[in-house]
Amino acid sequence: MISDELLENMSHEELIQLIRIYSKNWLAMDGAWFQAVEKSRGMDEAMLMDVETWKVFTVAEARRIKKFLNLPEQAGLDGLAKALKIRFYSNINTGEIIVENNTLIYKNTECFVQTTRKRKNMEYHPCKSVGIIEYSEFAKVIDNRISCECISCYPDITDNSCCCSWKFTLE
């Protein structure tokens, strides 16, 4: 276990680098188990397992982030924007957030998962079904009045300017 003293003696730059390393390690583990299931049982079985995993993980991640940011129970779209910016993915993906009135558009303009699969000559990850669970459940933890819908995500790409995009609406 890393001691508090070791972390306290790291520079700001070292801590940021460590967070990026941890984020990549987390995603590597996520990808490793997924690819193991995909290889042995096929994409359909891997996707079923992925959905079940994200149902649990995204809620835990959102709760921890909400507590860390000290967000109120109904944090609204501003709270969601803050929370999305510090997810594990935010350290390794490139994205943008646009808030207008009662909607928030979240776009991943560069996706580490899809870039890695492309580099390995693998089929893109059909992440839409998992993304719907992931983003909807994450948003509900931040504020139960927020609903989520997919604008564009593989395999249903409707916006070629990004890897995926999601619309959150505050009811």
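The rules behind the values
Residues numbered from 1 in each chain as written. Predicted model: local features only at pLDDT ≥ 70, side-chain atom pairs only at ≥ 80, totals over all residues. Heavy atoms only, no water. Phe/Tyr/Trp six-rings, centres within 6.5 Å; stacked < 30°, edge-to-face > 60°. Helix = DSSP H or I, 4+ residues; strand = E, 2+ residues; numbered from the N terminus. Buried < 20%, exposed > 50% of the residue type's maximum accessible area, 1.4 Å probe, protein only. Lys NZ or Arg CZ within 6 Å of the ring centre and 35° of its normal. Core = buried A, V, L, I, M, F, W, Y, C linked by side-chain atoms within 4.5 Å. Contact = heavy atoms within 4.5 Å. Salt bridge = Lys/Arg side-chain N within 4 Å of Asp/Glu carboxyl O.

## Quick look at the packing of aromatic side chains
The final tally for this structure, using the stated rule, is 11 aromatic pairs. Each ring, one from tryptophan 26 and one from phenylalanine 88, has its centre 5.0 Å from the other, and the planes form 10°; the classification is stacked. In this pair, tryptophan 26 is assigned in helix H2 (residues 12-41) and phenylalanine 88 in the loop between helix H4 (76-85) and strand E1 (94-100), connecting sequence segments 62 residues apart. The exposure class assigned to tryptophan 26 is buried, which follows from its relative accessible area of 18%. A ring pair is formed by tryptophan 26 and tyrosine 89, whose centres lie 5.2 Å apart and whose planes are at 75°; its orientation type is edge-to-face. Separated by 63 residues along the polypeptide, tryptophan 26 in helix H2 and tyrosine 89 in the loop between H4 and E1 bring together distant segments of the chain. This pair shows no difference in class: tryptophan 26 is buried, exactly as tyrosine 89 is. Pairwise contacts between aromatic rings join Trp26, Trp54, Phe57, Phe88 and Tyr89 into one cluster. The cationic tip of arginine 87 hangs over the ring face of phenylalanine 138; the distance from NZ or CZ to the ring centre is 4.5 Å.

## Regarding the nonpolar core
Leu80, Leu84, Leu104, Phe138, Ile142, Trp166 and Phe168 are the most contacted members of the largest nonpolar core, which has 24 residues in total. For this core, the secondary-structure elements that each account for two or more residues are helix H3 (43-68), H4, strand E2 (103-110), helix H6 (128-142), strand E3 (146-153) and strand E4 (164-170). Discounting chain neighbours no more than four positions away, the residues touching phenylalanine 168 are Leu77, Leu80, Leu84, Asn102, Thr103, Leu104, Tyr106, Tyr135, Ala139, Ile146, Ser147 and Cys148.

## Observations concerning the pattern of salt bridges
The final tally for this structure, using the stated rule, is nine salt bridges. Here glutamate 52 makes a salt bridge to lysine 55, at a shortest N to O gap of 3.1 Å. With glutamate 52 and lysine 55 both in helix H3 and three residues apart, this pair spans about one turn of that helix. The partly exposed category is assigned to glutamate 52, whose relative accessible area is 45%. The shortest N-O distance in the salt bridge between glutamate 61 and arginine 87 comes to 2.8 Å. Here glutamate 61 is found in helix H3, whereas its partner arginine 87 is found in the loop between H4 and E1, with 26 residues between them in sequence. In this structure, glutamate 61 and arginine 87 share a single accessibility class: buried.

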